[in-house]
Amino acid sequence: MDKPESLRLRLHVDPLLLAGILMLGAAGLVVLYSATGADQHMVVRQGGRMLLGLAVMAGVAQFKPETLIRLAPWLYSAGLILLVVLNFIGTGRGAHRWLDLGVGRFQPAEIMKLAVPMTCARFLTAGDLPPSWTRLALSGVFILLPVVLIAMQPDLGTAVLVMAAGGFVIFLAGLSWRAMLALVLVVAASMVPLWSLLHDYQRQRILTLLDPQQDPLGAGYHIIQSVIAVGSGGLFGKGWLQGTQSRLEFLPERHTDFIFAVVCEEFGFAGAALLIALYLLIIARGLSIAAGAQDHASRLLAGSLSLTLFIYVFVNMGMVVGQLPVVGVPLPMISYGGSSLVTLMAAFGMLMSVHTHRKKMLF
Amino acid sequence: MEFSLQLKDRVRELKLVQRRLTAAMFIVVALLGLLLMRLAYLQIVEHDHYTTLSQDNRVKVLPLPPTRGLIYTQDGALVAENRPAFSLDVVPERVPDMEDSLKRLRRIIDLTDADIARFRQALKQKRRFENVSLRFNLTEEEVARFSIDRHRFPGFDITASLSRYYPQGALLAHVLGYVGRIDENDLRSVDQANYSATTHIGKGGAEQTYEEELHGRVGYQQVEVNSQGRVLRVLESTPAVSGADLHLTLNLSLQRAATEALAGRRGAVVALDPDTGGVLALVSAPAYDPNPFVRGIGVAQYAALLNSPDRPLYNRALQAVYPPGSTIKPFMALAALYYGARTPAATTWCPGWFMLPNDDRKYHCWKKPGHGRMDMKEAIIESCDVYFYELAQDLKIDRMHDFLDHFGFGRRTGIDLPGEAAGVNPSRAWKQASRRQPWYPGETLIAGIGQGFHLVTPLQLAHAVSVLATRGLSATPHLAGSLHPSPPAEEETISPPVETAVTLRHAQDWNVVTAAMHEVVQGERGTARHSGEGALYAYAGKTGTSQLFGIKQDEEGENVQDTDIPERLRDHGLFIAFAPLSAPRIALAVVVENGSSGSSSAAPVARQVIDHYLLKILGLGEAVPHGQT
């Protein structure tokens, strides 16, 4: 056994992944400084959250993947109970999302981003792969139960992410392409009768979600201004702290969901491409960790977590460039906010756990 | 053997998962590639376009106000129209120094402190690049003065818009209400996006009830403006959809006739089409001119209206409640027939007073010497109190309440106007709930002649007469006849269903009461015979007096020293009527406040209104059979 490897294995850290995360975090703080209008206080707070996140990541990485997988049902049950309870005692701006713990607020839906893929990974690998129809159906129930509760809060963005996390496990477990195609067709077909049942105003609301240009005084205003910010950035951008769209407050939600527009405006196509490359590096590393994992459960879990990160990035950026509907999904590691950041870091911790707890003989 | 099979399975499974991971990687790369292509398109190909939009110009979305629907009366008069008006608007982000600009502006344009205060309030609610109105209805002189100095006021501009105008002024104020400037409370109850370009909202009257239909839908323009705020070109435009035009059932000529008939007195006239419930005239006097409210009424002018002892802002036709007095008697007679408590021929002896057993209090008839022997018709014609005291004692209060309920007493009629009062149709349960007191027998007696706890609005009374005139059919009173949406689509006719409110034991029982009411105005002994003189048609009516001061009144309005009583303490005169006697076309209620008696004050008003409607508007004239029943 050579020395450097033993050190990183003892600390349960994957240097490549860590490097990507640190670079992303640093970029995030730089962009945030500009997006908040040079608010040092907010940047320091976000930096603090990142340190907390790193600690959570390191902590999670110390557990063996088998242990994490064994905890899955407990985490899942606890999260589900909290979600149900939340409908009665939740606090927050109109939406039942937050649970007040006294020391701070906390979103039970975040637990589900991890618990759903963990539970599905454990359940589907308990039998043969590709899984039997019974197991697939039951996993569907495991996924849809929290998704419906979260969508009712209503938090469409998180519901989509939880559904994606569970769906990826099923996909990786080997659900046949033909079955997936059939599923897509069934869902699409069920939309037709559902559509005719809706009231006019409900249809209008959905149409606005799909095409914000129809509502330029409301949701469409965000998209129009966001696309102008992106387009006016050009190849190399207007420069750090020089974005007129964000400086002049034309761009709404510029330090949270629309922060990618600030990146595009101030750092141009080059900066945006670099950021996308950084995400690709982390996602690719996550998938390679999954491929090299020791058992199916950790393989599915690691793969699903990496792909969920991709969905985060894609849905957020697609919204900013005006190609996807506006659902509240933050840009991981860059958007201001703590709840989803800590969850994300815990997921990175799981990836590291999967990678560093392998038995030597398989190397 | 089993082990190797298992191993083969494991290898197959591993390959499956790894194939999937590879596929996932390909999809990720492909989708991120698409994202990069979109970014390249926006940031490289279309870069110049977006640079133009973001730096030299700004794209703004301007809401376009819809044109408010017009209001017409039944006889085709335009009674709520839109006229061009000029307002001074400000885009806050373009004003370098707001305080300085306002100070300089006050030298050329008349700006009150109230204007400025309201403007500052509006500033807080709007985004910095949105228009905020500073002053409305600039005179042409002010527009000219500002235009000369415009360059000194960046961010300020004159906007031409449409302003509501009511050509009939006070004549329809209590019917139409008016539109006033939207305040924060109004915004909470409407779709804010739809009102983003709207400055006024219906307050009171039909303008309030039909706000949604009259308002229309906001349009918008996506425009490019330069750094000075001038619109350079329109990128995209969705026109506003005008509000629907509202056609009333109300007849303007009849409204004017009724207003003139009240001439200078306080009171109300409500005339309904008994078959449909359509309001033909609705007058509350005195009224006020609604036009200053549209422009923004001055504090002093508003205080004068608010503090006037004549209360011109108060809609007596549907907000004021009066004791119905003797106008309740026809309904009491119907109740007696309905419950079989009296036959029409049964008589009561009126010695001028009535006493309850074991009670030495005397309940007087308005005619001190007494009416003598009275049957049902005579008691209505001469308005004998003693007959109805005795009747009330037999009916008991709860049966009276239940029967009057069929005619809508004590309930809002549900007319399409805001602020209607419910009145009181008393019962034991009502008194227990509202006063926590038991019902006393004496109260039943005075309830029998419409005094005591009974309270009605003129509108309720007119509605009750409609039910009587149609022999038990009820249609909710309504002002709106039809809505005509723009662009021309299917027009919507407004006609509430006609329901059977009450059915008597024998259909001819109605005749007993209507024949008596006919004699009230056109019989030899009727209390309102003077007002019925010379009518070219047969009609029916009933007088009533709301006692204010406990002084006995003469129902015929004779032998009373009115001059001895201060005007404001005189009784209110009431009158209900419908015409013609057969196949009625109009049912109405008239209240003249402090008019002393119904026969002298209210009955002549009713006659004038009916004359106008039947002779001038419907042109029935001699076609209506005239005769005594």
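Residues numbered from 1 in each chain as written. Chains lettered and ligands numbered in written order. Predicted model: local features only at pLDDT ≥ 70, side-chain atom pairs only at ≥ 80, totals over all residues. Heavy atoms only, no water.

Re the overall build of chain B
Item 1. A tally of helices and strands in chain B yields 22 helices and 23 strands.
Item 2. Counting over 629 residues, chain B shows a buried share of 52%.
Item 3. Counted over contacts in chain B with a minimum sequence separation of 6, partners at least 24 positions apart contribute 72%.
Item 4. Summed over all atoms, the accessible surface of chain B reaches about 27700 Å², with 52% contributed by carbon and sulfur. (Helix = DSSP H or I, 4+ residues; strand = E, 2+ residues; numbered from the N terminus. Buried < 20%, exposed > 50% of the residue type's maximum accessible area, 1.4 Å probe, protein only. Contact = heavy atoms within 4.5 Å. Areas by Shrake-Rupley, 256 points an atom, 1.4 Å probe, with all protein chains shown as cover.)

A closer look at the overall build of chain A
Item 1. When helices and strands are counted, chain A shows 14 helices and two strands.
Item 2. Across chain A, contacts joining residues at least 24 apart in sequence account for 71% of those joining residues at least 6 apart.
Item 3. On chain A, roughly 16000 Å² of surface is accessible, and the fraction owed to carbon and sulfur atoms is 70%.

Side note on the side chain of T543(B)
Item 1. Tracing the sequence through the fold places T543(B) in strand β21 (residues 540-546).
Item 2. At a separation of 3.0 Å, a polar atom in the side chain of T543(B) contacts the side chain of T527(B). (Polar contact = N/O pair within 3.5 Å; in protein donor to acceptor, adjacent residues only side chain to side chain.)

Quick word on the interface of chain A and chain B
Item 1. Contact residues are listed per partner, giving 56 residues for chain A and 39 residues for chain B.
Item 2. Carbon and sulfur atoms supply 74% of the area that chain A and chain B bury against each other, a total of about 4300 Å² over both sides.
Item 3. Taken together, chain A and chain B are joined by eleven residue pairs in polar contact (both at pLDDT 80 or more).
Item 4. Going through the elements one at a time, α7 (156-172), α8 (177-197), α10 (219-233), α11 (244-247), α12 (259-291) and α13 (296-320) of chain A are the ones with two or more residues in the side of chain A that touches chain B.
Item 5. Of all the elements, α12(A) adds the most residues to the side of chain A that touches chain B, at 13 residues.
Item 6. Of the residues in the side of chain A that touches chain B, the class split is 36 nonpolar, 17 polar and three charged. (Buried area = accessible area lost by both parts, 1.4 Å probe. Nonpolar A, V, L, I, M, F, W, Y, C, P; charged D, E, K, R; others polar.)

As for a nonpolar patch on the surface
Item 1. Together, L235(A), F236(A), Y41(B), I44(B) and V45(B) make up an exposed nonpolar region whose accessible area comes to about 520 Å².
Item 2. If you trace the backbone, Y41(B) turns up in helix α1 (residues 2-45).
Item 3. For Y41(B), a relative accessible area of 39% corresponds to the partly exposed category. (Patch = residues over 30% accessible without salt bridge, like charges linked within 9 Å, V, L, I, M, F, W, Y side chains within 5 Å. Salt bridge = Lys/Arg side-chain N within 4 Å of Asp/Glu carboxyl O.)

Regarding the nonpolar core
Item 1. Ranked by internal contacts, the top residues of the largest apolar core, which has 131 residues, are L246(B), V269(B), L282(B), F388(B), F407(B), F409(B) and L588(B).
Item 2. Excluding anything up to four places from it in sequence, F409(B) contacts I328(B), F331(B), L404(B), N425(B), V456(B), Q460(B), L461(B) and A464(B). (Core = buried A, V, L, I, M, F, W, Y, C linked by side-chain atoms within 4.5 Å.)

Considering the packing of α12(A) against α13(A)
Residues and elements named next belong to chain A.
Item 1. Between α12 and α13, whose axes approach to 8 Å, the crossing angle comes to 165°. In terms of orientation, α12 lies roughly antiparallel with respect to α13. Handedness of the crossing formed by α12 with α13: left-handed. Along its contact with α12, which presents F260, A261, L275, I276, Y279, I282, I283, G286, L287, A290 and A291, the element α13 presents R299, A302, G303, S306, L307, L309, F310, V313, N316, M317 and V320. (Axes fitted to C-alpha atoms, helices over the stretch in contact; angles between N-to-C directions. Parallel < 35°, antiparallel > 145°, perpendicular 65-115°, else oblique. Left-handed = near helix turned anticlockwise from the far one by under 90°.)

Some details on helix α20 (residues 509-522) of chain B
It helps to recall that an α-helix has 3.6 residues per turn; residues three or four apart then point in one direction.
Item 1. Between its terminal C-alpha atoms α20(B) stretches 20 Å, which fits the 20 Å expected from 14 residues at 1.5 Å a residue.
Item 2. With respect to burial, α20(B) is a largely interior element, 13 of its 14 residues being buried. (Expected span 1.5 Å × (residues − 1).)

Some words on the environment of Y387(B)
All names here are of chain B.
Item 1. Along the chain, Y387 falls in helix α15 (residues 385-395).
Item 2. Overall, Y387 belongs to the buried group, its relative accessible area being 0%.
Item 3. If we ignore the near neighbours within four places in the chain, the residues touching Y387 are R342, A346, T348, M374, D375, M376 and A379.

What about helix α6 (residues 133-151) of chain A?
Item 1. Here α6(A) contains 19 residues, and its C-alpha end-to-end distance of 26 Å stays within 8% of the 27 Å for a straight helix at 1.5 Å per residue.
Item 2. Looking at α6(A), one finds that the buried residues are L136(A), S139(A), I143(A), P146(A), V147(A), L149(A) and I150(A).

Let's talk about the confidence of the model for chain A
Fine structural detail should not be taken from predicted coordinates in areas where pLDDT scores are low.
Item 1. Residues with a pLDDT of 70 or more make up 84% of chain A, whose mean pLDDT is 84.
Item 2. Confidence, read as mean pLDDT per element, is least for strand β1 (residues 99-100) of chain A in chain A (58) and greatest for α12(A) (94). (pLDDT = per-residue confidence, 0-100.)

A few points about the sheet that holds strand β22 (residues 572-579) of chain B
Residues and elements named next belong to chain B.
Item 1. Spatially, β12-β11-β23-β22-β21 is the arrangement adopted by the five strands of the open sheet, whose pairing is antiparallel. With partners counted over all chains shown, the strands left at the sheet margins are β12 (279-285) and β21, one partner each. Here the average twist between neighbouring strands, direction ignored, is 10°.
Item 2. Judged from the six bridges that link them, strand β11 (residues 267-272) and β12 form a sheet pairing that is antiparallel. Bridge pairing in β12 links G267 to A285.
Item 3. Where helix α19 (residues 458-469) meets the sheet, it contacts β11, β22 and β23 (586-592), and its direction lies at approximately 150° from that of β23. (Pairing = 2+ DSSP bridges.)

Some details on the side chain of S139(A)
Item 1. Structurally, the position occupied by S139(A) is in helix α6.
Item 2. Once you skip the residues sitting within four places of it in the chain, S139(A) turns out to touch C120(A), F123(A), L124(A) and I170(A).

Considerations on the packing of helix α3 (residues 40-61) of chain A against helix α14 (residues 339-356) of chain A
Residues and elements named next belong to chain A.
Item 1. It is the contact of α3 with α14, at a shortest axis distance of 7 Å, that shows an interaxial angle of 30°. When the axis of α3 is compared with that of α14, the two are roughly parallel. In this structure, the crossing between α3 and α14 has a hand that is right-handed. Facing Q46, R49, M50, L52, G53, L54, V56, M57, V60 and A61 of α3, the residues of α14 in contact are L341, V342, M345, A346, F348, G349, M350, M352 and S353.
Item 2. Of the residues in the contact of α3 with α14, the class split is 14 nonpolar, four polar and one charged.

Remarks on the packing of aromatic side chains
Residues and elements named next belong to chain B.
Item 1. As enumerated under the stated definition, the model contains 23 aromatic pairs over all chains in all.
Item 2. The interplanar angle of 85° and the centroid separation of 6.0 Å between the aromatic rings of F293 and Y302 together place this pair among those described as edge-to-face.
Item 3. Among the residues examined, F293 registers a relative accessible area of 9% and is labelled buried.
Item 4. Judged by relative accessible area, Y302 falls into the partly exposed class, the value being 34%.
Item 5. Site record: aromatic cluster; members linked through ring pairs are F331, Y338, Y339, F403, F407 and F409.
Item 6. Above the ring of Y165, the side-chain terminus of R83 is found at 3.8 Å from the ring centroid.
Item 7. Residue placement shows R342 over the ring face of Y387; its charged tip is 6.0 Å from the ring centre. (Phe/Tyr/Trp six-rings, centres within 6.5 Å; stacked < 30°, edge-to-face > 60°. Lys NZ or Arg CZ within 6 Å of the ring centre and 35° of its normal.)

Considering the confidence of the model for chain B
Residue and element names in this part refer to chain B.
Item 1. Here chain B shows a mean pLDDT of 87. Residues at 70 or above account for 91%.
Item 2. Confidence, read as mean pLDDT per element, is least for strand β1 (residues 58-64) in chain B (75) and greatest for α19 (97).
Item 3. Note that pLDDT drops below 50 for residues 550-562; the model gives that stretch 34 contacts with residues more than four away or on any other chain.

So, the pairing of strand β18 (residues 480-484) of chain B
All names here are of chain B.
Item 1. Of all five residues that make up β18, four are buried, and the element is covered over most of its length.
Item 2. Pairing of strand β10 (residues 245-248) with β18, which is carried by four bridges, proceeds in the antiparallel orientation. Paired with L248 across the two strands is A480, which belongs to β18.
Item 3. Sheet analysis places β18 next to strand β19 (residues 492-493), joined by two bridges and oriented antiparallel.

Examining unusual backbone geometry
Item 1. For the peptide bond that leads from A285(B) to P286(B), omega is 0°, which places it in the cis range.
Item 2. Locating P286(B) in the fold gives a position in the loop between β12 and α11 (291-295).
Item 3. Of note, the bond from A579(B) into P580(B) is cis; its omega dihedral lies within 30 degrees of zero at -15°.
Item 4. Positionally, P580(B) belongs in the loop between β22 and β23.
Item 5. The backbone phi angle of M333(A) is positive, close to 70°, even though this residue is not glycine.

Observations regarding the pattern of salt bridges
Residue and element names in this part refer to chain B.
Item 1. By the definition in use, this model includes 27 salt bridges over all chains.
Item 2. Measuring nitrogen to oxygen at the nearest pair gives 3.2 Å for the salt bridge that ties E390 to R342. Pair noted here: E390 is in helix α15 and R342 is in the loop between α13 (329-339) and β13 (348-350), with a separation of 48 residues, a long-range link.
Item 3. Classification of E390 by relative accessible area gives partly exposed; the value is 26%.

Quick word on the environment of P488(B)
Item 1. Mapped onto the elements, P488(B) comes out in the loop between β18 and β19.
Item 2. Overall, the relative accessible area of 83% leaves P488(B) in the exposed class.

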